[in-house]
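# Notes for the structure review
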Amino acid sequence: MGPLLLVLLYPLSCVSGLPFYNGFYYSNHPSSWNSHGEGIFNGVKLVVETPEETLFSHPGANVTLPCRYHYEPAPLSPRSVRVKWWKLSENGAPELDVLVAIGLRHRTFGDYRGRVHLREDGEREASLQIRDVRLEDSGRYRCEVIDGLEDESGLVELELRGVVFPYQHPRGRYQLNFHEAQRACEEQDAVVASFEQLFRAWEEGLDWCNAGWLQDASVQYPVTRARQPCGGLGLAPGVRSYGQRHHRRHRYDAFCFAPALRGQVYYLELPEKLTLAEAKEACREDGARIAKVGQLFAAWKFRGLDRCDAGWLADGSARYPVVHPRPNCGPLEPGVRSFGFPDPQSRELMGNLDTCVCSPTNTRPHEHTPEKIPANSQQHALTSAQTLSQTPTQGPTEQLS
């Protein structure tokens with residue numbers, strides 16, 4: 001028994017009690033780890049750097065989530081590391097693996113397959129590049145760099161530029177359960193908004209007294225001006241919550257989030273008044289399709305679309321966008337006005353307008369800009385081109401008349 005113990009203990013005495021892995025000694029002493037959890041091995045610290053500010057993009061774009069790493073002090077020879085990216089859980093959604101890479105080998109996962117890769121234009125580069133950004137790509141991502149037993153990580157937040165707007169069913173207030181709210185937003189080229197998106201919209205001035213579904217199945221509403229019919233005068237302004245509600249049993253409105261347009265909304269001049277069906281056909285004949293509510297809101301916020309005459313939208317509602325309030329043009333605040341859901345056979349819309357948005361394959365709308373269309377034309381329609389404004393304006397209070 002004695003000789004056997006000598007054989008087992010001998011290798012440990014050679015390294016003075018320090019475990020050895022991947023070419024480095026790792027100290028077990030607590031003082032070798034700093035307050036951020038960065039491991040110091042053999043006097044060398046692995047540091048991962050990611051930006052603190054939120055990154056903004058839009059659907060269809062390509063975006064890079066920056067992540068770099070280095071050692072302090074720098075090692076004498078190159079190190080082999082493993083890089084892992086994943087999207088963090090939020091609003092009840094599970095964590096999603098995005099990419100794992102070791103050297104030139106990598107693996108991508110789920111809906112990110114074929115759309116993501118590591119940037120390879122520098123040493124110790126771990127930045128993630130995403131092609132064809134989608135609405136669901138918005139969120140927080142973690143970049144983890146692993147060197148043997150040592151690993152460090154950083155967070156990157158990606159947010160899509162967009163606008164939050166309240167949406168009601170054609171039958172009126174509080175007609176949508178959670179699943180119906182999801183479908184309603186999708187039909188308007190949008191998704192159900194998150195709390196963070198609604199909160200930011202409230203900070204920008206969104207004031208709405210009807211409660212609506214959010215992404216996490218909670219029901220909330222933003223109030224900037226306390227008033228009696230909206231919770232009472234005793235409550236401070238803020239985003240007020242009814243908490244979580246049953247997905248199927250309870251019914252409210254919806255708060256939708258529409259991304260910035262990959263295009264431009266324009267008015268199509270027409271010689272006569274149209275019903276809803278005729279407006280849709282007129283848009284098709286112009287190589288376009290009738291606009292959705294989310295597209296009109298995005299054009300108002302990001303393209304500065306400003307008109308004082310209403311028109312048909314795809315859901316059968318009649319609306320018009322106002323950036324610069326003026327007499328005989330609705331309330332004094334900027335916003336998108338609504339006349340509800342008129343009779344689809346009616347040709348007597350206020351303003352005599354019809355709206356439509358271009359199909360992705362049509363390039364003709366590049367010729368149509370709001371500035372070039374006369375404001376006093378008899379009939380109009382709105383369309384969307386392929387170009388995108390890179391400098392969005394701040395969205396004022398949304399108003400539905």
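Structural notes, computed from the coordinates. Everything quoted here is computed from the prediction, not taken from an experiment.

### A look at the overall build of the chain
When its secondary structure is counted, the chain shows five helices and 28 strands. Sorting the 401 residues of the chain into buried and exposed places 48% on the buried side. On the chain, roughly 20,000 Å² of surface is accessible, and the fraction owed to carbon and sulfur atoms is 52%.

### Overview of the packing of aromatic side chains
When we look at a pair of aromatic rings, we describe it by the centre distance and by the angle of the planes. Applying the stated criterion across every chain yields a total of twelve aromatic pairs. On the numbers, 5.5 Å between centres and 65 degrees between planes, the contact of F178 with W213 is edge-to-face. Here F178, found in helix α2 (residues 178-187), pairs with W213, found in strand β17 (residues 212-213); they are 35 residues apart in sequence, far enough to count as distant. W213 matches F178 in its accessibility class, with the two residues each being buried. Put simply, the rings of Y174, F178, W213, Y221, Y242 and Y252 pair up and form one aromatic cluster. If you follow K84 out to its NZ or CZ, it ends over the ring of W86, 4.8 Å from the centre. When the ring centre of Y174 is taken as reference, the NZ or CZ atom of R173 above it lies at 3.9 Å.

### A short note on the environment of T224
Here T224 lies in the loop between β18 (218-223) and β19 (238-244). Given a relative accessible area of 27%, T224 falls into the partly exposed group. Measuring from C-alpha to C-alpha, the distance between T224 and C209 comes to 9.8 Å, with 15 residues separating the pair along the chain. Setting aside anything within four residues of it in sequence, one finds T224 in contact with W202, G205, L206, D207 and P237.

### Focus on the nonpolar core
Counting residues in hydrophobic clusters, the biggest one holds 76 residues, and the most contacted among them are L65 and W85. At seven residues, the largest contribution of residues to this core is made by helix α5 (residues 293-303). In this structure, L65 is in contact with L55, W85, S127, L128, I130, Y141, V156 and L158, ignoring residues within four places of it in sequence. Counting eleven residues, the second largest nonpolar core, distinct from the first, contains Y266, L270, A288 and I290.

### Side note on the state of the cysteines
Considering all chains together, one arrives at four disulfides under this definition. Between C209 and C230 runs a disulfide, and the two sulfur atoms are separated by 2.0 Å. With a gap of 21 residues between them, C209 in the loop between α3 (195-203) and β17 and C230 in the loop between β18 and β19 connect regions that are remote in the sequence. What makes C209 partly exposed here is its relative accessible area of 25%. The class for C230 is buried, based on a relative accessible area of 1%. Covalent S-S linkage joins C308 and C329, the inter-sulfur distance amounting to 2.1 Å.

### What to know about α2
Of all the residues in α2, the buried ones are F178, A181, A184 and C185. Buried residues in α2, looked at end-on, bunch into an arc of 115 degrees, giving them a common side. Away from its buried face, by an angle of more than 90 degrees, α2 presents the exposed residues E186 and E187. Buried residues along α2 sit against β15 (162-167), β16 (191-192), β17 and β20 (253-259). The N-cap residue of α2 is N177: its side-chain oxygen and the backbone nitrogen of H179 are 3.1 Å apart. D189 sits one or two residues past α2 and shows a positive phi near 60 degrees.

### Digging into the pattern of salt bridges
Scanning all chains against the criterion turns up 17 salt bridges. In this structure, R200 and E159 form a salt bridge, with 2.7 Å as the shortest nitrogen-oxygen distance. Pair noted here: R200 is in helix α3 and E159 is in strand β14 (residues 150-160), with a separation of 41 residues, a long-range link. What makes R200 partly exposed here is its relative accessible area of 32%. As a salt-bridge pair, D306 and R326 come within 3.2 Å of each other at their nearest N and O atoms. With D306 in the loop between α5 and β23 (311-312) and R326 in the loop between β24 (318-322) and β25 (335-338), this residue pair connects regions lying 20 residues apart in the sequence. For R326, a relative accessible area of 29% gives the class partly exposed.

### What to know about the pairing of β14
Each regular strand carries side chains that alternate between the two faces of the sheet. As paired strands, strand β5 (residues 55-57) and β14 are joined by three bridges and run parallel to one another. Pairing of F56 across the sheet is with E159, part of β14. Alignment of strand β13 (residues 139-147) against β14, held across nine bridges, turns out to be antiparallel. Residue pairing in the sheet places D147 in a bridge with E150 of β14. Counting the residues that bridge the hairpin from β13 to β14 gives two residues, and of these G148 lies at a positive phi of roughly 65 degrees.

Conventions used here
Residues numbered from 1 in each chain as written. Predicted model: local features only at pLDDT ≥ 70, side-chain atom pairs only at ≥ 80, totals over all residues. Heavy atoms only, no water. Helix = DSSP H or I, 4+ residues; strand = E, 2+ residues; numbered from the N terminus. Buried < 20%, exposed > 50% of the residue type's maximum accessible area, 1.4 Å probe, protein only. Areas by Shrake-Rupley, 256 points an atom, 1.4 Å probe, with all protein chains shown as cover. Phe/Tyr/Trp six-rings, centres within 6.5 Å; stacked < 30°, edge-to-face > 60°. Lys NZ or Arg CZ within 6 Å of the ring centre and 35° of its normal. Contact = heavy atoms within 4.5 Å. Core = buried A, V, L, I, M, F, W, Y, C linked by side-chain atoms within 4.5 Å. Disulfide = S-S within 2.5 Å. Arc of directions from axis to C-beta. Polar contact = N/O pair within 3.5 Å; in protein donor to acceptor, adjacent residues only side chain to side chain. Salt bridge = Lys/Arg side-chain N within 4 Å of Asp/Glu carboxyl O. Pairing = 2+ DSSP bridges.

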